[in-house]
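Descriptive structure summary
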Amino acid sequence: MSSTDTLGTTTAQQRSAELEQLIRKDPARFRVLTGDRPTGRLHLGHYFGTLHNRVRLQDLGVETLVLVADYQVLTDRDIAENLKEYVEELVLDYLAIGIDPECSTIFTHSAVPALNQLLLPFLSLVSVSELNRNPTVKDEIAHSRQASVSGLMFTYPVHQAADILFCKANLVPVGQDQLPHLEITRTVARRFNERYAKDRPVFPEPEALLSTAPLLLGTDGGKMSKSRGNAISLSADADETARLIRGAKTDAERRITYDPAHRPEVSSLVLLAALCEESDPHQVAEEIGDGGGAALKRRVTEAVNTRLAPIRARRAAFAADRGLVTDVLRAGNARANEIAERTLREVRESMGAAY
């Protein structure tokens, strides 16, 4: 990481700490946009990385919109396989972890045409060279599952800007790697206001709420990912969870310590147990001591299954009524369409295109 990148991240971290204080004082001043692509079931990395934070913000009283980004499935795939099933499973995961459709708006890309129409004027506000320089897009292209790079992949950050700005979100929970995407959103908002709406700005410049969640590795020691088969999904049952943890990669040293730099696989398991138990990873490692990998995996299995038990129970109850997902999306899509159409009208009026 360059010194410039480090400085930018440090500034974002400091601002995130300030934003947390402001949220606690006046949650109603914020509107959050967040979401996921429906490419498979959500897992523990998602839960501790983003999902529980969404529930926290919702419960604090922050207006929260949760996007099921079905169109963006196509950014790194030639076809959207099992899309309907994945959308339903994603919504069930949301409901199970505590996203409340009475408080938060859950909606899908494809059902909000006015949102997607914003992509056209927004693309005119950024240059090809700016998109080319985006490091997140470069990384996504490098790991793309497409036969060739699509225009949707290339313009992904601007589509994401439309996701955020259609509802005038002023706060976006992100990881450090998503900061370049958010900066493009801020650029789009600023340039639109400068070009078309100097006297009465249409869009806020949304701020990043950086995640403080530590990285959880997959069971193979690599990045936890739906596509790599190394993740423990929230919908996995207790037996499947135990099987996956038994097969997790550790090392040859018997004494268990928490040392992420030198023992990443062991430390990730220790951290997972600590997160599930809401305890300190150093204390967890000390308690396991010379028990070795077998004792560590037993501790992790018990901790994960205990933590997920109520989530699994709620998920099973919601899944028993499949019409519930349809009702949740119908209501959320209606709300999102109201917001998007209102914003699109403002955009047209500002551009002198309200005929």
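Residues numbered from 1 in each chain as written. Predicted model: local features only at pLDDT ≥ 70, side-chain atom pairs only at ≥ 80, totals over all residues. Heavy atoms only, no water.

1. Some thoughts on the side chain of Thr108
- Checked against the element boundaries, Thr108 lands in strand β3 (residues 104–108).
- Dropping the residues within four chain positions of it, Thr108 is found in contact with Leu67, Val68, Asp70, Val87, Leu329 and Asn333. (Helix = DSSP H or I, 4+ residues; strand = E, 2+ residues; numbered from the N terminus. Contact = heavy atoms within 4.5 Å.)

2. Some thoughts on the pairing of strand β5 (residues 207–210)
- Of the strand pairs in this sheet, strand β4 (residues 171–174) and β5 are connected by 4 bridges, and their pairing is parallel. Opposite Leu171, over in β5, you have Glu207 as the bridge partner.
- In this fold, the crossover linking β4 to β5 by way of helix α10 (residues 179–196) has right-handed handedness. (Pairing = 2+ DSSP bridges. Right-handed = clockwise from strand over helix to strand, strands pointing away.)

3. Points about the pattern of salt bridges
- One pass over the structure, following the stated rule, counts 25 salt bridges.
- With a closest N to O distance of 2.7 Å, Arg299 and Glu277 form a salt bridge. With a gap of 22 residues between them, Arg299 in helix α14 (residues 292–319) and Glu277 in helix α12 (residues 264–277) connect regions that are remote in the sequence.
- Overall, Glu277 belongs to the partly exposed group, its relative accessible area being 31%. (Salt bridge = Lys/Arg side-chain N within 4 Å of Asp/Glu carboxyl O. Buried < 20%, exposed > 50% of the residue type's maximum accessible area, 1.4 Å probe, protein only.)

4. Re the nonpolar core
- Tyr94 and Ile106 are the most contacted members of the largest nonpolar core, which totals 49 residues.
- Listing elements by their share of this core, those giving two or more residues are α2 (44–60), β2 (63–68), α3 (83–97), α11 (238–246), α12, α13 (281–288), α14 and α15 (323–351).
- Counting residues in each nonpolar core, the second largest holds 41 residues, with Leu182, Val188, Ala197 and Val202 among its members. (Core = buried A, V, L, I, M, F, W, Y, C linked by side-chain atoms within 4.5 Å.)

5. Observations regarding α10
- Here α10 contains 18 residues, and its C-alpha end-to-end distance of 26 Å stays within 8% of the 26 Å for a straight helix at 1.5 Å per residue.
- For α10, the complete set of buried residues consists of Leu179, His181, Leu182, Ile184, Thr185, Thr187, Val188, Ala189, Phe192 and Asn193. (Expected span 1.5 Å × (residues − 1).)

6. With respect to the packing of α12 against α14
- Relative orientation of the contacting elements α12 and α14 amounts to 35°, with a least axis distance of 8 Å. Two packed elements cross with a definite hand, and for α12 against α14 that hand is left-handed. When α12 is examined against α14, the residues Val266, Leu269, Val270, Leu272, Ala273, Leu275, Cys276 and Glu277 are found in contact with a partner set consisting of Leu296, Arg299, Val300, Ala303, Val304 and Arg307.
- Among the residues forming the contact of α12 with α14, the class breakdown is 11 nonpolar, no polar and 3 charged. (Axes fitted to C-alpha atoms, helices over the stretch in contact; angles between N-to-C directions. Left-handed = near helix turned anticlockwise from the far one by under 90°. Nonpolar A, V, L, I, M, F, W, Y, C, P; charged D, E, K, R; others polar.)

7. Some details on the packing of aromatic side chains
- All told, the structure shown has 5 aromatic pairs when counted by the stated rule.
- Measuring from centroid to centroid gives 5.0 Å for Phe192 and Tyr196, while their planes differ by 45°, and the two rings are tilted. Within this pair, Phe192 and its partner Tyr196 are both found in helix α10, separated by 4 residues, close to a single helical turn.
- According to the relative accessible area criterion, Phe192 is buried, its value standing at 0%.
- An aromatic cluster is built from Phe122, Phe192, Tyr196 and Phe203, whose rings are joined through pairwise contacts. (Phe/Tyr/Trp six-rings, centres within 6.5 Å; stacked < 30°, edge-to-face > 60°.)

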